[in-house]
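Structural overview
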Amino acid sequence: MAFTIKIYEKNEYISGLLKKRLTCFFPDAYIVNPYFDDMDQVNRFSDYERVLYDPKDISQEELTSLSASPIRLTEDGGIIDCARFIPMLRKNAESPSFLAPVTGSLTAVIPFVYSDVRDRFICNMASDLPSADFNIRLDFTSRIRSLWRASSGANMTALLEACKSRKFEPEDILKYCNMDDAGFLTPGSCLNNDDVYDMGIQRSITLMNHAATLAHSNIRFVNVVAVVEGFRSKDLPELLSCCDKVTILLPAINAGEDIGCKDLIAELTKILGRERITVFYTDDLKDPGILDDRLSPRRQVV
């Protein structure tokens with residue numbers, strides 16, 4: 001029995017990000033925006049529907065005649081918090097067969113620190129990931145910033161080339177990975193310094209979506225950590241839209257980057273939702289392999 005999720009949101013960009021996010025949890029649902037999508041076919045095959053709405057575009061009173069119990073997209077502060085309304089959609093779905101069992105996780109790390117500090121942080125972070133069959137690391141970075149290079153021919157360039165094929169399956173990511181010194185399965189670096197960027201943002205988005213599908217699959221229990229560096233700020237929301245968590249790693253709290261990143265953090269928080277954005281400072285990192293007790297997810301005041 002099919003069901004529909006209707007998103008009443010007039011901002012087409014935000015609507016697209018929401019569709020991608022909800023697809024990870026409801027892969028067999030029809031997810032549509034009545035402002036932009038043709039509804040005839042959806043109405044024909046869907047047995048029931050749930051409605052999400054943005055109060056700045058349409059009021060609850062206007063929707064009451066169209067749907068029972070519409071769910072508001074935004075909180076009072078204008079933040080879209082997916083963690084708040086996804087359980088509401090699940091609770092009202094009549095058939096659990098349409099729900100994707102979320103097992104592993106996809107975490108993006110955006111570092112503004114030296115690569116050795118970044119890698120030490122990721123090693124420490126691995127102990128906090130859900131217990132899984134595999135932990136995978138994907139470096140969406142330049143070759144210079146990706147420190148690990150496989151000796152058996154696996155590389156990030158080959159994986160990015162392969163994922164453009166329609167025959168590529170999310171589990172195929174594992175074919176391009178070897179174990180690194182920290183225990184992650186990873187393709188390692190690119191062949192050339194700027195392959196990640198030269199292939200274009202859409203190729204990285206495609207691979208990130210495949211990684212999300214793999215992490216959220218019930219076939220294997222997999223966690224994925226994606227290191228994201230060097231992309232334009234305007235491309236980050238779409239690239240990160242399928243991530244469960246986004247961690248921004250900054251130097252000491254009194255360093256200049258803290259102020260400089262405030263706009264980026266505010267933008268990602270507004271689009272992706274407050275529940276997915278955390279900020280860490282490396283002055284909380286002590287000796288290698290040890291996290292200070294003070295190290296906890298911190299949020300910018302935005």
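Described below are features of the structure shown in this document. (Residues numbered from 1 in each chain as written. Predicted model: local features only at pLDDT ≥ 70, side-chain atom pairs only at ≥ 80, totals over all residues. Heavy atoms only, no water.)

Take the overall build of the protein chain next. On a plain count of helices and strands, the protein chain comes out with 11 helices and 11 strands. Looking at the protein chain alone, contacts between residues at least 24 apart form 75% of all its contacts between residues at least 6 apart. Put simply, the protein chain shows about 14400 Å² of open surface, and 49% of that area lies on carbon and sulfur atoms. (Helix = DSSP H or I, 4+ residues; strand = E, 2+ residues; numbered from the N terminus. Contact = heavy atoms within 4.5 Å. Areas by Shrake-Rupley, 256 points an atom, 1.4 Å probe, with all protein chains shown as cover.)

For the rest of this paragraph, the subject is the packing of aromatic side chains. Tallied over the full model, the rule gives 3 aromatic pairs. Between the aromatic rings of Tyr 8 and Tyr 35, the centroid separation amounts to 5.7 Å while the plane-to-plane angle is 90°, which identifies the pairing as edge-to-face. Remark: Tyr 35 occurs in the loop between strand S2 (30-32) and helix H2 (40-45) and Tyr 8 occurs in strand S1 (residues 3-8); sequence separation between them is 27 residues. The class of Tyr 8 is buried, set by a relative accessible area of 9%. Overall, Tyr 35 belongs to the partly exposed group, its relative accessible area being 31%. (Phe/Tyr/Trp six-rings, centres within 6.5 Å; stacked < 30°, edge-to-face > 60°. Buried < 20%, exposed > 50% of the residue type's maximum accessible area, 1.4 Å probe, protein only.)

With parallel pairing, 4 strands are arranged side by side in an open sheet as S2-S1-S3-S4. Across the chains shown, the open sheet's two edge strands, defined by having one partner strand only, are S2 and strand S4 (71-72). Note that S1 and S2 share 3 bridges and pair parallel. Paired with Lys 6 across the bridge in S2 is Val 32. (Pairing = 2+ DSSP bridges.)

Taken as a whole and judged by the stated rule, the model has 1 cavity of 30 Å³ or more. As a volume, the largest cavity reaches approximately 40 Å³. What lines the largest cavity is simply Leu 17, Leu 18, Arg 21, Ile 80, Cys 82, Ile 271, Leu 272 and Arg 276. Those elements that place two or more of their residues in the lining of the largest cavity are helix H1 (12-25) and helix H11 (262-272). By residue number, the principal contributor to the lining of the largest cavity is H1, which donates 3 residues. For the lining of the largest cavity, the per-class residue count stands at 6 nonpolar, no polar and 2 charged. (1 Å grid on protein atoms, 1.4 Å probe; cavity = no way out; pocket = protein on both sides within 12 Å on 5 of 7 lines; lining within 4 Å. Points joined across faces, edges and corners; volume = space filled by probe spheres on them. Nonpolar A, V, L, I, M, F, W, Y, C, P; charged D, E, K, R; others polar.)

With that out of the way, let us pick up the environment of Gln 60. On the secondary structure map, Gln 60 appears in helix H3 (residues 60-64). On the basis of relative accessible area, Gln 60 is assigned to the partly exposed category, the value being 37%. If sequence neighbours within four positions are ignored, Gln 60 has contacts with Tyr 53 and Pro 70.

We now examine the pairing of S1. Taking burial as the measure, the 6 residues of S1 include 6 buried ones, the bulk of the element. Sheet topology places S1 next to strand S3 (residues 48-53); 6 bridges connect them, and they run parallel. For Ile 5, the partnering residue across the bridge sits in S3 and is Arg 50. Crossover connection from S1 via H1 to parallel S2: handedness right-handed. (Right-handed = clockwise from strand over helix to strand, strands pointing away.)

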